[in-house]
Amino acid sequence: MSKAFIHRAVPGVQALSPYVPGKPTDELQRELGLSDIVKLASNENPLGPGPAAQAALALACKELGRYPDGNGYVLKAALADRFRLSQTSFTLGNGSNDILEIIIRAFAGPGDEVVYSQYAFAVYALATQAVGASARVAPARDYGHDLDAMLGLVTPATKLVCIANPNNPTGTLLTPGSLLDFLARLPEHVVCILDEAYCEYLADQHYPESLDWLARFPNLIITRTFSKIHGLAGLRVGYAASAPELADVLNRVRQPFNVNTPGLYAAAAALNDHVHVAESCRLNREGLAQLTAGAAHLGLDYIPSHANFVTIALPGDAADIYRALLQRGVIVRPLANYGLSRHLRISVGLPAENARCLSALADVLAMLPVASA
Ligand SMILES: *Cc1c(COP(=O)(O)O)cnc(C)c1O
């Protein structure tokens, strides 16, 4: 019976394979009966929410009997104030995943094309397929976006291009200059999604200059999230910034109450908790250094990362190493579904968690039959 219904789904949905999330800690606990599990698989902030967000959450709990504010006034006002844009420039989402899907659903359908890069975030491919649009995938350059190759794939049928900067799962970064050049050459009929889920980790380097570009590029949508540096992955809050005309389109597609009340309050508070953001950024910088030094010590190559994770290259198939790490209570992320079957992505954790991961990795590698390096 279940077999029959998949054939009744629309063609794009029939061809979908579900998004593969990082393995939840509870699940591994149930499977192996381990108690002390380290999860470095989903690029979460190991510190969790800061004190401002936690205080706001406690207040929001008192309002759970009511529907949330469907316009998200509290959060949009905080965003507008912080980034000096009009509230009408923002669209809120149940995580930025929700926003990405809203954008793709609003602009692409059968016969339309969506351009993204090899090794791009999996949600672009999933959402493109679900709406029955065609993906045009540009080969990566050094594991990152090749913007010229992406421009070369744009045709009159192209509705959208998706760029993650920094990119997940490779951690690569494009310069502001190369992005500006790309935007200037992109035909105006094509909407460009610039997915900045990790931009806050760049701190002083580039962030948040890209929001200034919105005034020049009416086809640009910048998406960000409270799931990463703000430590609120479990609450599901993300946002898009764009010209108000584009925000109006997205607003028509989204569900009326797509962001919940605790999410709205906590995100508004987290946005201005500069101490927590700075502390999270520092912890990440040190953790990345710890993980990359550890990988180098084990003789492993890695892709230099600008985000809160690092993708390492292994001497053999990563699936076996992933499973062996699970046996030792360490959850990382295999990347075979991205076409990177010899790589593992490790999220930056607390110093002790990073150390645990590295020592488990050393253990596992020592037991491996010697392979070509
Ligand atoms: C984590 C991530 C997101 C968003 O996650 P949400 O939790 O849905 O906000 C978006 N894009 C990229 C590239 C990511 O890695």
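Analysis parameters
- Residues numbered from 1 in each chain as written.
- Predicted model: local features only at pLDDT ≥ 70, side-chain atom pairs only at ≥ 80, totals over all residues.
- Heavy atoms only, no water.
- Near = heavy atom within 4 Å.
- Polar contact = N/O pair within 3.5 Å; in protein donor to acceptor, adjacent residues only side chain to side chain.
- Areas by Shrake-Rupley, 256 points an atom, 1.4 Å probe, with all protein chains shown as cover.
- Helix = DSSP H or I, 4+ residues; strand = E, 2+ residues; numbered from the N terminus.
- Nonpolar A, V, L, I, M, F, W, Y, C, P; charged D, E, K, R; others polar.
- Pairing = 2+ DSSP bridges.
- Contact = heavy atoms within 4.5 Å.
- Axes fitted to C-alpha atoms, helices over the stretch in contact; angles between N-to-C directions.
- Core = buried A, V, L, I, M, F, W, Y, C linked by side-chain atoms within 4.5 Å.
- Buried < 20%, exposed > 50% of the residue type's maximum accessible area, 1.4 Å probe, protein only.
- Salt bridge = Lys/Arg side-chain N within 4 Å of Asp/Glu carboxyl O.
- 1 Å grid on protein atoms, 1.4 Å probe; cavity = no way out; pocket = protein on both sides within 12 Å on 5 of 7 lines; lining within 4 Å.
- Points joined across faces, edges and corners; volume = space filled by probe spheres on them.
- Phe/Tyr/Trp six-rings, centres within 6.5 Å; stacked < 30°, edge-to-face > 60°.
- Lys NZ or Arg CZ within 6 Å of the ring centre and 35° of its normal.
- Disulfide = S-S within 2.5 Å.

Colleague: Describe the site of the ligand, listing the residues and the values that go with them.
Modeller: In the neighbourhood of the ligand, the contacting residues comprise Gly95, Ser96, Asn97, Phe121, Asn168, Asp195, Ala197, Tyr198, Thr225, Ser227, Lys228 and Arg236. Between the ligand and Tyr198, the relevant distance is 2.6 Å, taken from an oxygen atom to a side-chain nitrogen or oxygen of the residue. The separation between an oxygen atom of the ligand and a polar side-chain atom of Ser227 is 2.5 Å. Taken by itself the ligand offers 380 Å² of open surface, and the protein chains cover 94% of this. In terms of residues, the shell around the ligand owes the most to one element, helix α6 (residues 95-107), which gives three residues. Of the residues assigned to the shell around the ligand, the class counts are three nonpolar, six polar and three charged.

Colleague: Residue-level account of the sheet that holds strand β10 (residues 309-313), with values.
Modeller: A sheet is described by the order of its strands in space; here four strands give the open sequence β9-β10-β13-β12, paired in antiparallel fashion. The sheet is open, and its two edges are formed by β9 (302-303) and β12 (333-335), each paired on a single side. Bridge count for β10 against strand β13 (residues 340-347) is five bridges, and the pairing is antiparallel. Its bridge partner lying in β13, Ala313 is registered against His343. Along the sheet face, helix α12 (residues 274-297) touches β9, β10 and β13 and points at about 5 degrees away from the line of β10.

Colleague: Go over the nonpolar core with me, naming the residues and quoting the values.
Modeller: By size, the foremost hydrophobic cluster in this structure holds 44 residues, and its most contacted members are Leu75, Leu79, Ile163, Phe182, Leu220 and Phe226. Tallying contributions element by element places helix α11 (residues 261-271) first for this core, with six residues. The residues contacting Leu79, other than those within four sequence positions of it, are Arg84, Phe90, Leu92, Phe226, Tyr239 and Leu271.

Colleague: Can you explain the pattern of salt bridges? Please cite residues and give values.
Modeller: Tallied over the full model, the rule gives 15 salt bridges. In this structure, Lys23 engages Glu31 in a salt bridge whose closest nitrogen and oxygen atoms are separated by 3.2 Å. Note that Asp148 and Arg185 form a salt bridge whose closest N and O atoms lie 3.1 Å from each other. Note that Asp148 is positioned in helix α8 (residues 147-152) and Arg185 in helix α9 (residues 176-185), a separation of 37 residues in sequence.

Colleague: Outline the layout of surface pockets, supporting the account with residue identities and numerical values.
Modeller: Approximately 470 Å³ is the volume attributed to the largest pocket. For the largest pocket, the lining is made up of 27 residues, of which Tyr19, Ser42, Asn97, Phe121 and Lys228 are closest to its centre. Sorting elements by how many residues they give to the lining of the largest pocket places α6 first, with four residues. By residue class, the composition of the lining of the largest pocket is 10 nonpolar, 10 polar and seven charged. Of the pockets and cavities examined, the second largest pocket occupies roughly 390 Å³.

Colleague: I'd like a rundown of helix α13 (residues 318-327), residues and numbers included.
Modeller: For α13, the complete set of buried residues consists of Ala318, Ile321, Tyr322, Ala324, Leu325 and Leu326. Its side-chain oxygen placed 3.1 Å from the backbone nitrogen of Ala319, Asp317 serves as the N-cap of α13. Positioned one or two residues after α13, Gly329 has a phi angle of 75 degrees, which is positive.

Colleague: How would you summarise the packing of aromatic side chains if you had to cite specific residues and measurements?
Modeller: What the rule picks out here adds up to nine aromatic pairs. Measuring from centroid to centroid gives 5.7 Å for Tyr119 and Tyr143, while their planes differ by 35 degrees, and the two rings are tilted. Here Tyr143 lies in the loop between β4 (134-138) and α8 and Tyr119 lies in the loop between β3 (113-117) and α7 (122-130), a separation of 24 residues in the sequence. Look at Tyr143 and you get partly exposed, because its relative accessible area is 31%. Over the aromatic face of Phe309 sits the side chain of Arg345, whose NZ or CZ is 5.5 Å from the ring centroid.

Colleague: So, the state of the cysteines: which residues are in play, and what are the values?
Modeller: All chains considered together, the criterion is met by zero disulfides. For Cys162, which is in no disulfide, the shortest distance to another cysteine sulfur is to Cys192 and amounts to 8.1 Å. Among the residues examined, Cys162 registers a relative accessible area of 0% and is labelled buried.

Colleague: Describe the side chain of Asp195, and please don't skip the residues or the numbers.
Modeller: Checked against the element boundaries, Asp195 lands in strand β6 (residues 191-195). Not counting residues within four places of it along the chain, the set of residues in contact with Asp195 comprises Leu100, Phe121, Tyr124, Ile163, Ala164, Asn165, Pro166 and Thr223.

Colleague: Which residues make up the sheet that holds β6, and what are the values?
Modeller: Here we have seven strands laid out as an open sheet, ordered β2-β8-β7-β6-β5-β3-β4, and mixed in their pairing. Each having just a single partner strand, β2 (90-93) and β4 make up the two edges of the open sheet. Recorded for the sheet is a direction-independent mean angle of 20 degrees between the axes of neighbouring strands. Bridge count between strand β7 (residues 220-225) and strand β8 (residues 238-242): five bridges; the pairing is antiparallel. The partner of Thr225 across the bridge, within β8, is Gly238. Set on the sheet, helix α5 (residues 73-83) makes contact with β2, β7 and β8; between it and β2 the angle comes to about 130 degrees. Against the sheet, α7 engages β3, β4, β5 (158-164) and β6, with an angle of about 165 degrees to β3.

Colleague: So what about empty space enclosed by the protein? Which residues, and what values?
Modeller: Counted under the stated rule, the structure contains four cavities of 30 Å³ or more. Here the second largest cavity is characterised by a volume of approximately 70 Å³. Taken together, 13 residues line the second largest cavity, and the ones lying closest to its centre are Gly70, Gly72, Leu92, Arg254 and Asn258. Grouping the amino acids of the lining of the second largest cavity by side-chain chemistry returns six nonpolar, four polar and three charged.

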